Each structure stands twice: as structure tokens, then as C-alpha cells.
Amino acid sequence: METHSSVKRKTGGIPLMSDTRWGSRGKTVGAFLDHFKSAHSALTDLESRTSSNSNKANNLRHSMESFDTIVTAVTTNKILGYIQPLTKELQSPNIDLMTAYKEAREVAQVISTLRNEEGFCDIYAQSIELASTIDVVPSKKRVTNRQQNRANTPSQSIEEHYRLNLFYPFIDHVTSQLNTRFVENSEPAMLATYLIPSALSRLTKDKQEMMVSWYREDLPQPDSIDQEIHRWKVKNQPPTLLVSTAKDTLNMINDQYYPNIHCILSIYLTLPVTTCSCERSFSALRRLKTWLRSSIGKDRLSGLAMMHVHRNRALDPEKVLKRWDASGHRRIVLAFDRK
């Protein structure tokens with residue numbers, strides 16, 4: 001049962017920032033800006049009291065009163081707002097590699113369009129408005145001839161200083177990380193997307209050879225893969241209605257006529273985009289193998305984990321009991337009508 005204090009923490013306040021989940025960082029920064037004035041007032045009140053947290057509250061209050069902190073928070077909240085939907089989608093168990101790469105490239109392209117004076121104008125105006133709530137005057141750090149610890153691009157105004165030394169580098173860093181992480185066709189496994197009917201026209205000989213060499217060990221009939229792809233190209237010529245997703249292609253393909261292509265698409269669709277699936281398995285094992293179940297066997301643990309992960313699937317209790325009874329290792333003999 002939830003207490004009043006726990007409900008209150010869920011409905012208000014600033015959530016903790018996670019070191020591994022970027023989605024939580026966007027929520028934390030957004031909540032920080034929403035409760036900016038209230039947090040500043042709370043720190044001021046806490047600082048006036050005589051307690052062990054007074055010095056810490058004083059340091060946090062001085063950090064909030066820095067215009068550099070305000071501009072950084074507003075900029076981060078703006079950019080992470082574009083990444084937030086992508087972060088949630090990447091955690092979905094139904095997303096495939098092609099969709100993830102395409103969405104990530106589109107997000108990086110949209111963020112790169114903000115890299116101009118007009119894109120920073122709204123952020124700077126919002127920063128000034130937020131700073132005025134706690135009587136902070138816009139200012140910039142002292143510029144020296146030689147600076148090693150922070151950006152020191154020459155600027156004529158305060159707005160230009162933060163645009164050149166904060167906004168542009170942050171956008172460059174985010175777009176660079178997205179483009180590096182989601183490089184189009186950076187892995188041979190991604191070449192399987194060219195087997196989708198809508199992309200077959202872009203499947204060149206070099207790409208086909210690279211794809212076949214990567215999947216060859218798992219193919220049921222690797223010697224006839226070239227002929228099979230040729231037949232697949234002839235079947236899916238432009239006059240026909242072309243499928244545009246790997247999942248729909250796998251559902252429509254006949255594995256008797258195209259066993260190799262069916263195998264390639266099956267492997268491609270099972271490749272995880274992120275490590276979320278593995279992390280879910282670890283979380284499930286942590287919930288199952290507790291201190292009271294420390295001596296559980298491997299087979300039993302594996303079976304319980306599969307039941308826990310796929311708990312939405314319907315099971316026939318009678319079939320389960322019959323298999324359990326037929327194992328021959330049970331002391332209790334169950335009576336079933338084996339017809």
C-alpha cells in the first residue's frame with residue numbers, strides 16, 4: 001500500500017537523474033526548469049537554518065544563480081526534447097534495426113537544422129525570462145587570451161558567447177553521437193534490408209556478396225542463394241505492390257520457395273537494436289532467483305524465466321501437468337487419461 005508521502009513524490013518534485021537512461025535525464029531537466037523558482041526558494045530557506053545541509057544548500061543556490069547554469073539547462077531541455085521519443089522507441093521490443101536507424105538519422109537531421117542564430121534565439125529568450133524570476137542578470141564568463149578548461153571563442157555579446165561556446169558545440173556533439181551510433185549500413189547485418197521488395201532495386205552485386213558472406217553459415221541452402229535472390233528480384237518487380245517493411249516481407253514470403261531469404265530476414269528481425277532486451281532478462285532473473293531460491297537448478301530457472309518473460313502467452317495446464325508427470329522423477333504419481 002502506498003503512503004501519502006510516496007504518492008506525493010510521484011506527483012511532484014524533481015526526479016532523480018539516471019546514469020544510464022537518457023529518458024530520465026530529459027524528465028529531470030524539465031522538472032528542474034518547471035520547479036526552478038520553488039527549488040531556489042527551498043534552498044534559500046534551507047540555507048538560513050543551522051544544519052549540516054546549510055553549506056550544501058548554499059553551494060547549490062549559487063550554482064542556480066549562475067546564468068551559465070540557466071542557459072545550459074534550457075539548452076539541454078530543448079535538445080533532449082527531440083531525443084525523448086527516440087529513446088522510448090528504442091526500448092520497444094518490436095522495433096527493428098532499419099526503423100531504428102531511419103528514426104535516429106531523422107532526429108539527427110532535425111537537430112542539425114537548429115544550428116543557427118534563429119534556433120538559439122528562443123532558447124536565450126527563455127533563459128533570460130527564467131533568470132528574471134530569481135533576479136539573475138545575464139552575464140558571461142571572463143574571456144582570456146589563453147583558455148584550456150572551457151570554450152573561449154571570441155564573441156561580441158552575451159548571446160553570441162553562449163551560442164558559439166555552448167549551443168553549437170552541444171548540437172555538434174549530439175548529432176555526431178547519433179550519426180556514429182546509427183551509421184547507415186555500417187554492419188553487414190543491415191544489408192538484409194535490401195531484400196525488402198521496396199529496396200531490391202538498390203541491392204548491388206557488392207552488397208549482395210557482403211550480405212551472403214555474413215549470413216552463409218546459417219543458411220539452409222547456401223549454394224543456391226544467388227539464384228534464389230535472382231528469382232526474388234524477378235518476382236518483386238515495380239508493377240507489383242511492393243512491401244516496405246521486413247516484418248511484412250517475412251509474413252508474405254514462402255519459406256519453401258525462398259528458404260535462404262526467409263532465414264536471413266528471420267535472423268535480421270531477431271537482432272536486438274539495443275541492450276534493453278538483455279537488461280530485461282537480467283531484471284527477470286533478479287526477481288526470480290532470490291536468496292530463498294539460491295539453490296534452484298539451471299533447467300528450472302530457465303523455465304521459470306521463460307514463463308515470466310512470456311507471461312502474456314496462454315498455457316494449457318493439463319499439458320504442463322502431463323509433461324511434469326511423464327518426467328519420471330516425481331514421487332507423486334498423477335493420474336491422467338492418456339488416450
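Preceding this paragraph is the structure being described.
Description of the structure in this document. (Residues numbered from 1 in each chain as written. Predicted model: local features only at pLDDT ≥ 70, side-chain atom pairs only at ≥ 80, totals over all residues. Heavy atoms only, no water.)

**Considerations on the overall build of the protein**
So the rule is basically this: The helix count covers DSSP runs of H or I at least four residues long, the strand count covers runs of E at least two residues long, and both are numbered beginning at the N terminus. Exposure categories follow from relative accessible area, calculated using a 1.4 Å probe and restricted to protein chains: below 20% of the type maximum is buried, above 50% is exposed, and the middle band is partly exposed. Every residue pair with non-hydrogen atoms within 4.5 Å of one another is taken to be in contact. For accessible areas, the Shrake-Rupley method is used with a probe of radius 1.4 Å. Any residue's cover is judged against the shown protein chains and nothing else.
When you go through the protein residue by residue, the secondary structure sums to 15 helices and 0 strands. Looking at the 339 residues of the protein, the share that counts as buried comes to 32%. Contacts in the protein between residues at least 24 apart in sequence constitute 63% of all its contacts with a sequence separation of at least 6. By element, 52% of the accessible surface of the protein is carried by carbon and sulfur atoms, the whole surface being about 23000 Å².

**Examining the packing of helix α5 (residues 67–90) against helix α8 (residues 158–181)**
Quick reminder of the rule: Lines fitted to C-alpha atoms define the axes here, with helix axes fitted over just the stretch in contact, and angles between the N-to-C directions of these axes take values from 0 to 180 degrees. Each angle receives one of four descriptions, namely roughly parallel if under 35 degrees, roughly antiparallel if over 145, roughly perpendicular if within 65 to 115, and oblique otherwise. Helix crossings get a hand from a simple test, with the near helix turned counterclockwise from the far one by less than a right angle marking a left-handed crossing and a clockwise turn marking a right-handed one. Side-chain classes follow a simple rule in which Ala, Val, Leu, Ile, Met, Phe, Trp, Tyr, Cys and Pro form the nonpolar group, Asp, Glu, Lys and Arg form the charged group, and the remainder, Gly included, forms the polar group.
Contact pair α5 / α8: the axes reach a minimum separation of 11 Å and the direction vectors enclose 30°. With respect to their mutual orientation, α5 and α8 come out roughly parallel. Viewed along their axes, α5 and α8 form a crossing whose handedness is right-handed. Residues F67, D68, V71, T72, T75, T76, I79, I83 and L86 of α5 lie in contact with α8, whose contacting residues are I158, Y162, L166, F167, F170, I171, V174 and L178. Classifying every residue of the contact of α5 with α8 gives 13 nonpolar, 3 polar and 1 charged.

**Here we look at the pattern of salt bridges**
Stated precisely, the cut-off is as follows: Each reported salt bridge corresponds to a side-chain nitrogen of Lys or Arg within 4 Å of a carboxyl oxygen of Asp or Glu.
Under the defined criterion, the tally for this structure stands at 5 salt bridges. Residues E65 and R61 are paired through a salt bridge, measuring 2.8 Å at the closest nitrogen-oxygen approach. D172 is the partner of R115 in a salt bridge, and the nearest nitrogen-oxygen pair spans 2.8 Å. Remark: D172 occurs in helix α8 and R115 occurs in the loop between α6 (97–112) and α7 (117–132); sequence separation between them is 57 residues. Through salt bridges that share partners, E47, R61 and E65 make up one connected network.

**Considering the packing of helix α9 (residues 205–215) against helix α10 (residues 225–235)**
Put simply, α9 and α10 touch, their axes get as near as 11 Å, and they point 130° apart. With respect to their mutual orientation, α9 and α10 come out oblique. Both α9 and α10 take part in a crossing whose hand is right-handed. Contact with α9, carried on its side by Q208, M211 and V212, involves I225, D226, I229 and K233 of α10 and no other residues of that element.

**As for the environment of S294**
The following threshold applies: Side-chain atoms alone can form a polar contact between residues adjacent in sequence; in general such a contact is a pair of N or O atoms within 3.5 Å, and within protein one must be able to donate a hydrogen while the other accepts it.
Secondary-structure assignment places S294 in the loop between α13 (276–288) and α14 (298–309). By relative accessible area, S294 is classed as partly exposed at 48%. A distance of 3.5 Å separates a polar side-chain atom of S294 from the backbone oxygen of W291.

**Structural notes on the packing of aromatic side chains**
For the record, the criterion: The pairing test for Phe, Tyr and Trp rings, Trp by its six-membered ring, is centres within 6.5 Å, and the orientation test on the planes gives stacked under 30 degrees, edge-to-face over 60, and tilted for anything in between. Counting as a charge over the ring demands two things of the Lys NZ or Arg CZ atom: a distance within 6 Å of the ring centre and an angle within 35 degrees of the ring normal.
Per the stated rule, a full pass over the model turns up 8 aromatic pairs. Ring geometry for F67 and Y124: centres 6.0 Å apart, planes at 85°, overall edge-to-face. Here F67 is found in helix α5, whereas its partner Y124 is found in helix α7, with 57 residues between them in sequence. Judged by relative accessible area, which is 2%, F67 ranks as buried. Ring geometry for W214 against Y215: centres 4.8 Å apart, planes inclined by 75°, an arrangement best described as edge-to-face. A residue is classified by how much of its surface remains accessible, and Y215, at 0% relative accessible area, is buried. Through a chain of ring-to-ring contacts, the aromatic side chains of F67, F120, Y124, Y162, F167 and Y168 assemble into a single cluster. Directly above the aromatic system of Y168 lies the positively charged group of R115, at a separation of 4.4 Å from the ring centroid.

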